[in-house]
Amino acid sequence: MTFWHERWKTEQIGWHRDSFNDMLTKHWGNINAVKGCEVLVPLCGKSLDMVWLANQGNNVIGMEFVSDAIQAFFKENRLNPLTTVNRNYTQHQSKPFTILEGDIFELESNVVQADAWYDRAAMVAIEPSLRKAYVDQLRKATKNDAVGLMITYTNPQQGMDGPPYSLTDEDVAKLFSEGFEWKCLEKISLDPPNESDPNSPTSTVFEIRRAPRIT
Ligand SMILES: C[S@@+](CC[C@H](N)C(=O)[O-])C[C@H]1O[C@@H](n2cnc3c(N)ncnc32)[C@H](O)[C@@H]1O
């Protein structure tokens, strides 16, 4: 059993929020994703943000490898998904939601070709050594002109402990330096009384857009 399966089994899911994410509702309109598009939510858990994205008229494709999380999402939203088993993943669908049960790193090309993606507590949840592979998977699962909204977590004092693993703005710039363009939309302090302290934790909201490679 993985760390994540254990966390879901024992209901230690402190990252889950019972309300829509403020940064999503504030900034989704700023990234100009086509209305009514297909939005990928990698490492989705049972996030209510998927409901908000669907409420905007989008089709939502979540990816999650813990079955308990997926069952909880559909049950808590009173939906009865249709389940089909494929080679590397099991698909659970109740339109406009599709959740693929499987490991994001095993997702093959052309299973998903999303127009947009939303990353909250996803890249920061994976081990830093897998970040580049995660970006490669995002590239595989999105269209050439796809746009993403990503919310990071940076804790300068944390070192390599996690999850969540601290992800700096410089890390984001480096990880998305090839085939993407990125823009910082907002940076907030996660410890407002100490916001002038450069060692206090922050969160940055990025717009990330796939861009043709310049050779
Ligand atoms: C920190 S939680 C965040 C969930 C969601 N994004 C949210 O904001 O509530 C990370 C989720 O990713 C899932 N996960 C971790 N590694 C994964 C992988 N390799 N493939 C698919 N899901 C994964 C975990 O089971 C967990 O539900």
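This structure is a prediction, so every number in the text was calculated from the model and none was measured.

Cut-offs used in this document
Residues numbered from 1 in each chain as written. Predicted model: local features only at pLDDT ≥ 70, side-chain atom pairs only at ≥ 80, totals over all residues. Heavy atoms only, no water. Pairing = 2+ DSSP bridges. Helix = DSSP H or I, 4+ residues; strand = E, 2+ residues; numbered from the N terminus. Axes fitted to C-alpha atoms, helices over the stretch in contact; angles between N-to-C directions. Contact = heavy atoms within 4.5 Å. Buried < 20%, exposed > 50% of the residue type's maximum accessible area, 1.4 Å probe, protein only. Right-handed = clockwise from strand over helix to strand, strands pointing away.

Our focus in this paragraph is the sheet that holds strand E3 (residues 82-85). Note: strands within a sheet are paired through backbone hydrogen bonds, in either parallel or antiparallel orientation. Reading across from one edge, E3-E4-E5-E2-E1-E6-E7-E9-E8 is the order of the 9 strands in this open sheet, with mixed pairing throughout. The sheet is open, and its two edges are formed by E3 and strand E8 (180-189), each paired on a single side. On average, each strand axis in the sheet is tilted by 20 degrees relative to the strand beside it, whichever way the strands run. One ladder, built from 5 bridges, connects strand E1 (residues 38-42) with strand E2 (residues 59-64); its direction is parallel. Bridge pairing in E2 places Glu38 opposite Asn59. Most of the contacts of helix H4 (residues 67-76) go to strand E5 (residues 97-101), to which it runs at about 165 degrees, and overall it touches E2, strand E4 (90-94) and E5.

With 4 of 5 residues buried, E1 is to be regarded as a mostly interior element. Once you follow E1 into helix H3 (residues 49-55) and on to E2, the crossover reads as right-handed.

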